[in-house]
Amino acid sequence: MTYRDAINAALAEELERDERVFLLGEDVGLFGGAMAVTKGLYERFGERRVQDMPISESAIVGGTLGAVLTGLRPVAEIMFIDFVGVCMDQIVNQIAKVRYMLGGQVEVPLVIRTQGGGGKSYAAQHSQSLEAWFMHTPGLKVVIPSTPADAKGLLKSAIRDNNPVLFIEHKLLYNEKGEVPEGEHLVPLGQARVVREGSGLTIATYSRMVGLVQQAAEGLAAEGTEVEIVDLRTLTPLDEETMFASVRKTGRFLAVEEGHLTAGVGAELVARVTKNCFDYLDGPPERVAAQDRPIPCAPALEKATLPQVEDILTAARALVG
Amino acid sequence: MPDMTVPPLPPETMRALLQGMMRVRAFEEAVHDLYQRKLLPGMSPHLSAGQEAVAAGVCLQLRPDDYMVTTHRGHGHSLLKGMDAQRMMAELCSKETGYCHGRGGTMHIASPEVGCLGANGIVGAGLPIAVGAGLSIQYRGTDQVCVAFFGDGASNQGTFHESVNLATARKLPVVFVCENNIYALSTNFARTGATPNVVDRARGYDIPGVTVDGMAVEGVYAATTTALERARSGQGPTLIEAKTYRYYGHGASDHRPYRTKEEEAQWRCSDAIQCYGDLLIERGVATAAERDDLSARAAAEAQAAVDFAVSSPDPDPARVGDYVFA
């Protein structure tokens, strides 16, 4: 099953299971979604459960909050994560804070699905990886799956969670295929997955970078370095313990992300690893991330901006050298 | 202007409107007094004294299961939608007994269980939330309504357009009530609005736009009645613009250099509470003694709220981490 179909199946199953769940977003209904993720759901569940919205991201996202406060469990789609800029107030000032500001009077069971990442020459406003912005916002959960099985299991858990969840898909993963367990499949939020075991170096990563790190790990294995890969799966809550346990075993740490380097996810991971695993480290941890500039359109320039397998190999070799 | 052929209100409704306005005024004056006495932590509160006719004319005819979204100047709306004065005042004083256990303060007063979906610290941000409540009502197929209060300042935010457009496109049961008190903090709407009135924008959405005198409670009431009927019957939103005035500044610490004392005095001549009280006596609906009694009860409620708030415990710092996640 593809990553896209896994997400579609999760949505269909949750729509089927819970009458309070409904979808809303731009082009999610009749058209089936700009990324074709919601294809067939409008036909199956009707326009009440799968609602096409105007290009009004603030109204869509703010609308989910009004729906939540009155008893529903909406799942909104923001077509590209880059578009969150126009509804940032609703996400960060309203949704993320409302439970706390109201002293726990409400639960906020909503999901904002979106997709990010580059690799398709979509240029600076359609290629970003903005998850760090939201990891920096208390009150939001941030889920960012790398495989079809996780995409399905994590999305189902996100929809059932009583907190707001930003669910970030990756545009280059939609056609990736993988095994998805039959029947009810739930992946709890806040549990990292050890993708590959190894004793020479820990690499923590997520989303599309998991695949690149796996390719790098093959090369490193041929050079005699066994890499342990930790797919974080959710950034909030963050499964530190799985990461720390791995670093205590390997003594070396590399964070790999597709977002920008400065004040990125890797900065946070490195800080936590340094603080908690200091006595186990054989050297300073390192980060691989996008260069600190807007994502260019031209394929060669985009490649020179986003992390590549070669960048991971170079950083890993320096760490174990 | 509202249809003046509507039958007169029952006397008990008239008295309730007067009482409601008095309750808001007494509450706001008590808040101001607490602020002057430095018993309110944080930002100076945004008081609605002067605007009571809008709160009373709208909120007193909402059903308990209707919803209401308000603004940074939302004490009156919240009180008359059914929130408890004592727990509100305790929240303003950042006490554990407040609605939000001291996490919210003046701009985050809310009680979803009585339909108060929240005040807001961001101008215009409540409008999409109100539309979401409207989507939810339509989704669930009930005849509830959500009222969205906002100000002249918020009408210049993008969220205003997104919200009115979506509510109209879907015929959602949302009533948009603009309290135009002329000033967005200091800036006169005449200097920032493309049209002289906020309600002029209703034409662009092809929805009814109704201007009411926001100092005259029965006009607000009548316009709201019509808008609520329209919303409940599935015909969609109405935009009501109430021309009103806040007696205090943007916050209690704003000394209003942007307007004249003469202007302020002129608006106070049409004070909603004074004028409506006089009118009810003239109509024989209330005696002077009854008016004084309503006023005394409003003052007593506010005083009890202050006493409760001041004597309540502060929140426990050991529990500061509560309520981030469910």
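Here the structure is a predicted model, which means the values were calculated and not measured.

Turning to the overall build of chain A, a few remarks are in order. A tally of regular secondary structure across chain A gives 12 helices and 12 strands. Relative to the compact-globule value of 20 Å for 321 residues, chain A shows a C-alpha radius of gyration of 19 Å, a close match. Seen along its three principal axes, the alpha-carbon backbone of chain A occupies a region of about 60 × 45 × 40 Å. By residue count, 61% of the 321 residues in chain A fall in the buried class. Taking the intrachain contacts of chain A between residues at least 6 apart in sequence as the baseline, contacts between residues at least 24 apart amount to 81%. When the accessible surface of chain A is summed, it comes to about 11,700 Å², and 51% of that surface belongs to carbon and sulfur atoms. The centroid of the 31 positive side-chain charges in chain A is displaced by 2 Å from the centroid of its 43 negative side-chain charges.

With that settled, the discussion passes to the interface of chain B and chain A. Interfaces are often described in size by the accessible area the parts lose on coming together. Taken residue by residue, the interface counts 33 residues in chain B and 42 residues in chain A. Between chain B and chain A lies a buried interface of about 3,100 Å² when both sides are counted; carbon and sulfur atoms form 62% of it. The three residues of chain B that bury the most area against chain A are Y139(B), E162(B) and F325(B), which together make up 25% of that side's buried surface. Summed over the shared surface of chain B and chain A, the result is 0 salt bridges.

Turning to the packing of aromatic side chains, a few remarks are in order. This structure, assessed with the given rule, holds 9 aromatic pairs over all chains. Ring centres 5.4 Å apart and planes at 40 degrees place the aromatic pair F150(B) and F160(B) in the tilted group. Of the two residues, F150(B) sits in strand 3 (residues 146–151) while F160(B) sits in helix 6 (residues 158–169), which places them 10 residues apart along the sequence. Like F150(B), the residue F160(B) is buried in the burial classification. Among the aromatic side chains, those forming a connected cluster through ring pairs are F80(A), F83(A) and Y122(A). In this structure, R268(B) is placed above the aromatic ring of Y247(B), and the distance from its NZ or CZ to the ring centre is 4.1 Å.

So, on to the packing of helix 5 (residues 126–140) of chain B against helix 6 of chain B. Helices that pack against each other are described as a pair by the angle of their axes relative to one another and the distance between those axes. Residues and elements named next belong to chain B. Viewed as axis vectors pointing N to C, helix 5 and helix 6 meet at an angle of 15 degrees, and their least axial separation amounts to 8 Å. The orientation of helix 5 relative to helix 6 falls into the category roughly parallel. Crossing of helix 5 over helix 6 shows left-handed handedness. Residues L127, P128 and V131 of helix 5 lie in contact with helix 6, whose contacting residues are T159, F160, S163, L166 and A167. Along the lines of polarity and charge, the residues of the contact of helix 5 with helix 6 split into 6 nonpolar, 2 polar and no charged.

Further remarks concern the domain arrangement of chain A. Residues and elements named next belong to chain A. Domain assignment breaks chain A into domain 1 (3–170) and domain 2 (193–320). Of note, the centres of domain 1 and domain 2, computed from C-alpha atoms alone, are 27 Å apart. Contacts between the two partners involve 24 residues from domain 1 and, on the opposite side, 26 residues from domain 2. Per-residue buried area on domain 1 facing domain 2 is highest for S121, M135 and I144; these three make up 29% of the total on that side. Counting across the domain 1 and domain 2 interface gives 2 salt bridges. In this structure, the connection of domain 1 to domain 2 is made through 14 residue pairs in polar contact (both at pLDDT 80 or more). When contributions to the side of domain 1 that touches domain 2 are tallied by element, the ones reaching two or more residues are helix 6 (131–135), strand 5 (141–143) and helix 7 (148–160). Here the side of domain 1 that touches domain 2 is composed, by residue class, of 11 nonpolar, 9 polar and 4 charged.

Under the definition given, this model contains 0 disulfides over all chains. You can see C87(A) has no disulfide; the closest cysteine sulfur is in C146(B), sitting 20 Å from it. Take C87(A): its relative accessible area is 1%, and that puts it in the buried class. Lacking any disulfide linkage, C146(B) is separated from the closest cysteine sulfur, that of C116(B), by 10 Å. Residue classification places C146(B) among the buried positions, given a relative accessible area of 0%.

Here the focus is helix 11 (residues 288–311) of chain B. Owing to its 3.6 residues per turn, the α-helix brings residues three or four apart onto one side. Residues and elements named next belong to chain B. A rise of 1.5 Å per residue sets the reference length of helix 11, with its 24 residues, at 34 Å; its end C-alpha atoms lie 34 Å apart and thus fit the reference within 8%. Where helix 11 is concerned, the buried positions are R291, L294, A298, A302, A305, V306 and A309. Where helix 11 is buried, its residues touch helix 1 (11–36), helix 4 (85–92) and helix 10 (272–283).

Let us look at the pairing of strand 12 (residues 286–290) of chain A. Inspection of the sheet shows strand 11 (residues 253–260) of chain A paired to strand 12 of chain A by 4 bridges, in the parallel sense. Pairing of V256(A) across the sheet is with V288(A), part of strand 12 of chain A.

Another point: the pattern of salt bridges. Residue and element names in this part refer to chain A. For the structure on display, the rule yields 40 salt bridges over all chains. E13 is paired through a salt bridge with K156; the nearest N and O atoms lie 2.6 Å apart. Remark: K156 occurs in helix 7 and E13 occurs in helix 1 (residues 3–17); sequence separation between them is 143 residues. The class of E13 is partly exposed, set by a relative accessible area of 27%. The closest approach of N and O atoms between R48 and E19, which form a salt bridge, is 2.7 Å. In this pair, R48 is assigned in the loop between helix 2 (41–45) and strand 2 (50–52) and E19 in the loop between helix 1 and strand 1 (21–25), connecting sequence segments 29 residues apart. For E19, a relative accessible area of 44% gives the class partly exposed. Through salt bridges with shared partners, a single network forms among E13, E14, R17, K152, K156, R160 and E184.

Once that is clear, we can look at the environment of R246(B). Residues and elements named next belong to chain B. Looking at the element boundaries, R246 is found in the loop between strand 8 (238–243) and helix 9 (261–269). Classification of R246 as buried rests on a relative accessible area of 0%. For R246 and V147, which are 99 residues apart along the polypeptide, the C-alpha to C-alpha distance reads 20 Å. If we ignore the near neighbours within four places in the chain, the residues touching R246 are L47, A49, Q51, R73, N181, Y183, L185, D254, Y258 and R259. A distance of 3.4 Å separates a polar side-chain atom of R246 from the backbone oxygen of Y183.

Reading guide: rules and limits
Residue numbering note: each chain is counted from 1, following its sequence as written. Naming scheme: in the order in which they are written, chains are lettered from A and ligands are numbered from 1. Totals for whole chains, interfaces and linings use every residue, but because this is a predicted model, local features are given only for residues with pLDDT of at least 70 and side-chain atom pairs only at 80 or more, for both listing and counting. Values shown for side chains rest on all heavy atoms present in the structure; no hydrogens or waters enter the calculation. Counting from the N terminus, the helices are DSSP H or I runs at least four residues long and the strands are E runs at least two residues long. Note on method: radius of gyration uses C-alpha positions; expected globular size equals 2.2 Å times residues raised to 0.38. The rule is simple: take the accessible area with a 1.4 Å probe, protein chains only, and divide by the maximum for that residue type; under 20% is buried, over 50% is exposed, in between is partly exposed. Here a residue-residue contact requires only that any non-hydrogen atoms of the pair lie within 4.5 Å. Note on areas: Shrake-Rupley, 1.4 Å probe, and residue coverage restricted to the protein chains presented here. By the counting scheme adopted, Arg and Lys are positive, Glu and Asp are negative, and His together with the chain ends is not counted. Here the site of a charge means NZ on Lys, CZ on Arg, CG on Asp, or CD on Glu. For any pair of parts, buried area is found by adding up, for both, the accessible area (1.4 Å probe) each one loses once the two are put together. When a carboxyl oxygen of Asp or Glu lies within 4 Å of a side-chain nitrogen of Lys or Arg, that pair is called a salt bridge. Two aromatic rings from Phe, Tyr or Trp, using only the six-membered ring of Trp, form a pair when their centres are within 6.5 Å; if the ring planes differ by under 30 degrees the pair is stacked, by over 60 it is edge-to-face, and anything between is tilted. Placement of a charge over a ring requires the Lys NZ or Arg CZ to be within 6 Å of the ring centre, with the centre-to-atom vector within 35 degrees of the ring normal. Axes, fitted as lines to C-alpha atoms, cover a helix only where it is in contact. Angles between the N-to-C directions of the axes lie from 0 to 180 degrees. We call two directions roughly parallel when the angle between them is under 35 degrees, roughly antiparallel when it is over 145, roughly perpendicular when it lies between 65 and 115, and oblique otherwise. Should the near helix be turned anticlockwise from the far one by less than a right angle, the crossing is left-handed, and should it be turned clockwise, the crossing is right-handed. Gly falls in the polar group here, along with every residue not listed as nonpolar (Ala, Val, Leu, Ile, Met, Phe, Trp, Tyr, Cys, Pro) or charged (Asp, Glu, Lys, Arg). All the domain ranges listed were derived from an automatic or database domain assignment. Polar contact criterion, stated in full: a pair of N or O atoms within 3.5 Å, where within protein one must be able to donate a hydrogen and the other to accept it, and residues adjacent in sequence count only if both atoms are side-chain atoms. Two cysteine sulfurs form a disulfide in these notes if their separation is within 2.5 Å. One less than the number of residues in a helix, times 1.5 Å, gives the span that helix is expected to have. When DSSP finds two or more bridges between a pair of strands, those strands are recorded as paired.

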